[in-house]
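Chains, contacts and geometry: an overview
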Amino acid sequence: RKEVEQDPGPFNVPEGATVAFNCTYSNSASQSFFWYRQDCRKEPKLLMSVYSSGNEDGRFTAQLNRASQYISLLIRDSKLSDSATYLCVVIAKTGGFKTIFGAGTRLFVKA
Amino acid sequence: DVKVTQSSRYLVKRTGEKVFLECVQDMDHENMFWYRQDPGLGLRLIYFSYDVKMKEKGDIPEGYSVSREKKERFSLILESASTNQTSMYLCAISRRGDNYEQYFGPGTRLTVT
């Protein structure tokens, strides 16, 4: 089982739709959680941190569920420019600390 | 704004050549990382460094070495490039400590022929 798992997609949605991604992690001692966005042939860029109380930034909302060991990302009112791959990132305690990247979920937003 | 630069965006080398990839940051962050990213495999950690002259192996260090002589620079070296090292190489930085997010450079797409 992978330490961080994401549905690879692709998710194909129309403009204006609401779309949600989940990411599960296996290490219950995981400490920090993030969502990154990666455009085609570009570097990953930090989208938002995920706090225990949740986090909202404009059209984007991230949630953490420690009991079920998953984090989620909700995108409201999707824009064409939201088309990208979304990477889930977990910092887990495995001996020392380790940053683990999910393989990403591909999103296509269409007009 | 966080600034991480990498020496080349695209690089083509021949099998057996020695390859240097350099990463430079202007954020005075202690931690620096080298990853490779391949389709279907995601990001895999090659090496990282917590301080000058310090290095730690990541998940796939074989065939690579690193050097960190100055805080702002972290070099990845392929001693004898092979075709299976064709990949996107990404440098990242983060602040001292274990729980901080990483910031990436633009990446180097290396092709070994």
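Before reading on, note that the structure itself is shown above.
On a predicted model such as this, the values are computed, not experimentally measured, just so you know.

On to the sheet that holds strand β1 (residues 4-6) of chain B, then. Paired through backbone hydrogen bonds, the strands of a sheet run either parallel or antiparallel to each other. All names here are of chain B. One open sheet holds the four strands; their spatial order is β1-β3-β8-β7, and the pairing between them is antiparallel. The outermost strands of the open sheet, each flanked by one partner alone, are β1 and β7 (64-67). Within the sheet, the average angular offset between the axes of one strand and its neighbour, ignoring direction, is 20°. Two strands pair when backbone bridges link them, and β1 and strand β3 (residues 19-25) are joined in this way by three bridges, in the antiparallel orientation. Among the inter-strand pairings, Q6 is bridged to a residue of β3, identified as C23.

Counting from both sides, the interface comprises 16 residues of chain A and, opposite them, 17 residues of chain B. When chain A packs against chain B, close to 1500 Å² is buried across both sides, 52% of that on carbon and sulfur atoms. When residues of chain A are sorted by the area they lose upon contact with chain B, A:R41, A:E43 and A:F101 head the list and together hold 33% of the total. For the pair chain A and chain B, the number of links is one salt bridge. Residue B:D59 pairs with A:K98 through a salt bridge whose shortest N-O separation is 3.4 Å. Looking at the side of chain A that touches chain B, the elements that each hand over two or more residues are β4 (32-38), β5 (44-50), β9 (84-94) and β10 (96-101) of chain A. Its residues assigned to classes, the side of chain A that touches chain B comprises eight nonpolar, four polar and four charged.

About the cut-offs
- Every chain is numbered on its own, with residues counted from 1 as its sequence reads.
- Chains and ligands are labelled by the order in which they are written, letters from A for the one and numbers from 1 for the other.
- For this predicted model, a pLDDT threshold of at least 70 governs which residues receive local features, and a threshold of 80 or more governs which side-chain atom pairs are given and counted, while totals over whole chains, interfaces and linings are taken from all residues.
- Note: side-chain values were computed over all heavy atoms of the structure, leaving out hydrogens and water.
- The pairing criterion for strands is at least two bridges between them, as found by DSSP.
- The numbering of helices and of strands both runs from the N terminus, where a helix is a DSSP run of H or I of at least 4 residues and a strand a run of E of at least 2.
- Between the N-to-C directions of two axes lies an angle of 0 to 180 degrees, each axis being a line fitted to C-alpha atoms and, for a helix, fitted only over the stretch in contact.
- The contact definition used throughout considers only heavy atoms, calling two residues in contact when any of these lie within 4.5 Å.
- Here the quantity called buried area is the accessible surface, traced with a 1.4 Å probe, that two parts lose on coming together, added over both.
- Any carboxyl oxygen of Asp or Glu that lies within 4 Å of a side-chain nitrogen of Lys or Arg is treated as forming a salt bridge with it.
- Just so you know the grouping, Ala, Val, Leu, Ile, Met, Phe, Trp, Tyr, Cys and Pro go in nonpolar, Asp, Glu, Lys and Arg go in charged, and all remaining residues, Gly too, go in polar.

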